[in-house]
Amino acid sequence: MGPPGYAVVVALLLLLVVWAHEAAAAAQVPLVLNTWAFAGAARRAWSTIASGGSVLDAVEQGCSWCEDAQCDGTVGYGGSPDERGETTLDAMIMNGDTMEVGAVGDLRRIKSAISVARAVMEHSTHTLLVGESASIFAQNMGFLSEDLTTHRSLSLHWEWLQNKCQPNSWKNVFPNPETTCGPYKPIKELGSQQHRVSAYRANIHNHDTIGLIAIDKFGNIAAGTSTNGQIHKIHGRVGDSPIVGAGAYADSTAGAAAATGNGDIMMRFLPSYQAVEYMRMGIDPITACQKVIRRIQKYHPNLFGAVICANKTGSYGAACSKSPGLDQFHFMVYNPEKGSDQTVDCI
């Protein structure tokens, strides 16, 4: 075979390699990816896509499953009472095609936080509603107002009060928050009297937000979160989950990410947004997740946190920060090849 014929064969082989690579990438979607081993949420989201639902439907349905099931007591009603004994909810949903977002924070008396977040996106020009006003909006949208307290949440709050309100999230106040319940007043001049926040150990029992990513066969991407936040939090506290770029972020031209862990720290670094931007640069999802975790670790070496990432072709990854109680991170994956609980060693 002469040089021209050889060149044609080589060109054809290269085209075959490229085609095979693109076919393999395409085979990775649809994709459902969610934080923690919340298998029911992943199955619900996957079945929604499989039956022709949109990626927004999949995210809403997956998160709703966890809200109803009270996943680990940290999603939905009846868990993580604040220091007044009330359960409040945070949630967000993001459309990666349009970059629209709906979110609620400190939502009271409404069980379906993720659905209210979607209503904010679809029935208002706003992005985030909080507190009592968010609850009124939800009621106007037809959501039922009901008590989110359960016997379990009442018991958790009572035990906390009996333990002198330990742990809590106060610092630089008097009386000493490490030994006494409030109400507290600020210490005017910090110095020898300074009281640091008690050693609040974030762990999988008080910070396991569900973050969920969905990609359909057409490449449409959505992401969302739902949680009842940090247990014994100061009344009115909103964590990272409803904050765009912190709790989750989606852009159908690049990918999506979602975070879980100590939200008060993680929201300062916008890890979900940063991970998506890394993937936009061509960095693979595993490395993108690791890079955002390491960035936070520079300032908080004992961070309790994890991130899941997926690029627009359906490649995915996760990373977590090694801390007391967290050596491995579990997350769920559903795609045409598998539907399973996977783990990653923390860094």
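Above this text is the structure in question.
Since we're looking at a predicted model, the values are computed, not measured. (Residues numbered from 1 in each chain as written. Predicted model: local features only at pLDDT ≥ 70, side-chain atom pairs only at ≥ 80, totals over all residues. Heavy atoms only, no water.)

**Q** Can you help me understand the overall build of the protein chain in this one?
**A** When helices and strands are tallied, the protein chain shows nine helices and 14 strands. Within the protein chain, the fraction of its 347 residues that count as buried is 51%. Relative to all contacts within the protein chain whose residues are 6 or more apart in sequence, the contacts with residues 24 or more apart total 62%. Accessible surface for the protein chain amounts to roughly 15,500 Å². Of this, 55% is attributable to carbon and sulfur atoms. (Helix = DSSP H or I, 4+ residues; strand = E, 2+ residues; numbered from the N terminus. Buried < 20%, exposed > 50% of the residue type's maximum accessible area, 1.4 Å probe, protein only. Contact = heavy atoms within 4.5 Å. Areas by Shrake-Rupley, 256 points an atom, 1.4 Å probe, with all protein chains shown as cover.)

**Q** Mind showing me how you'd approach the nonpolar core here?
**A** Among soluble globular proteins, nonpolar side chains are generally buried collectively. By size, the foremost hydrophobic cluster in this structure holds 87 residues, and its most contacted members are V104, V307, F329 and F331. Ranked by the residues each element gives to this core, the list is headed by helix α4 (residues 113–123), at seven residues. Non-local contacts of V307, meaning those with residues more than four positions away in its chain, are made with A257, A258, A259, M266, P271, C289, V292, I293, G317, A318 and A319. (Core = buried A, V, L, I, M, F, W, Y, C linked by side-chain atoms within 4.5 Å.)

**Q** I would appreciate a short explanation of the pairing of strand β1 (residues 31–35) in the present structure.
**A** Successive residues of a regular strand alternate their side chains across the two faces of the sheet. With five of five residues buried, β1 is to be regarded as a mostly interior element. Taken together, the four bridges between β1 and strand β7 (residues 210–215) define a ladder with antiparallel strand orientation. Bridge pairing links V32 to A214 in β7. Bridging between β1 and strand β13 (residues 328–335) involves four bridges; their strand directions are antiparallel. Its bridge partner being in β13, L33 is matched across the sheet by V333. (Pairing = 2+ DSSP bridges.)

**Q** Any chance you could explain helix α8 (residues 271–280) here in plain terms?
**A** Three or four residues apart is the spacing at which side chains of an α-helix point the same way, because the helix has 3.6 residues per turn. With seven of its ten residues buried, α8 lies for the most part within the structure. G282 sits one or two residues past α8 and shows a positive phi near 100°.

**Q** For this particular structure, what's the right way to read the sheet that holds strand β12 (residues 316–320)?
**A** Where strands meet in a sheet, backbone hydrogen bonds hold them as pairs that are either parallel or antiparallel. One open sheet holds the four strands; their spatial order is β9-β10-β11-β12, and the pairing between them is antiparallel. The two strands at the open ends of the sheet, each matched to only one other strand, are β9 (248–251) and β12. Pairs of neighbouring strands in the sheet enclose a mean axial angle of 10°, with direction left out of account. Here β9 runs beside strand β10 (residues 255–261); their pairing, made up of four bridges, is antiparallel. In the strand pairing of β10, Y249 is matched with A257. Sheet contacts for α8: β9, β10 and β11 (305–311); angle to β10, the most-contacted strand, approximately 150°. (Axes fitted to C-alpha atoms, helices over the stretch in contact; angles between N-to-C directions.)

**Q** Even after reading the chapter, I still don't get unusual backbone geometry, so can you show me in this structure?
**A** Glycine aside, the phi torsion of most residues is negative, and most peptide linkages are trans. In the segment running from Q166 into P167, the intervening peptide bond is cis, with an omega of -5°. Position of P167 among the secondary structure elements: in the loop between α6 (151–162) and β5 (173–174). The backbone of D72 sits at a positive phi, close to 55°, despite the residue not being glycine. Assignment of secondary structure puts D72 in the loop between α3 (55–69) and β2 (89–95). Phi at L270 takes a positive value of approximately 45°, unusual for a residue other than glycine. With respect to the helices and strands, the residue L270 is situated in the loop between α7 (263–266) and α8.

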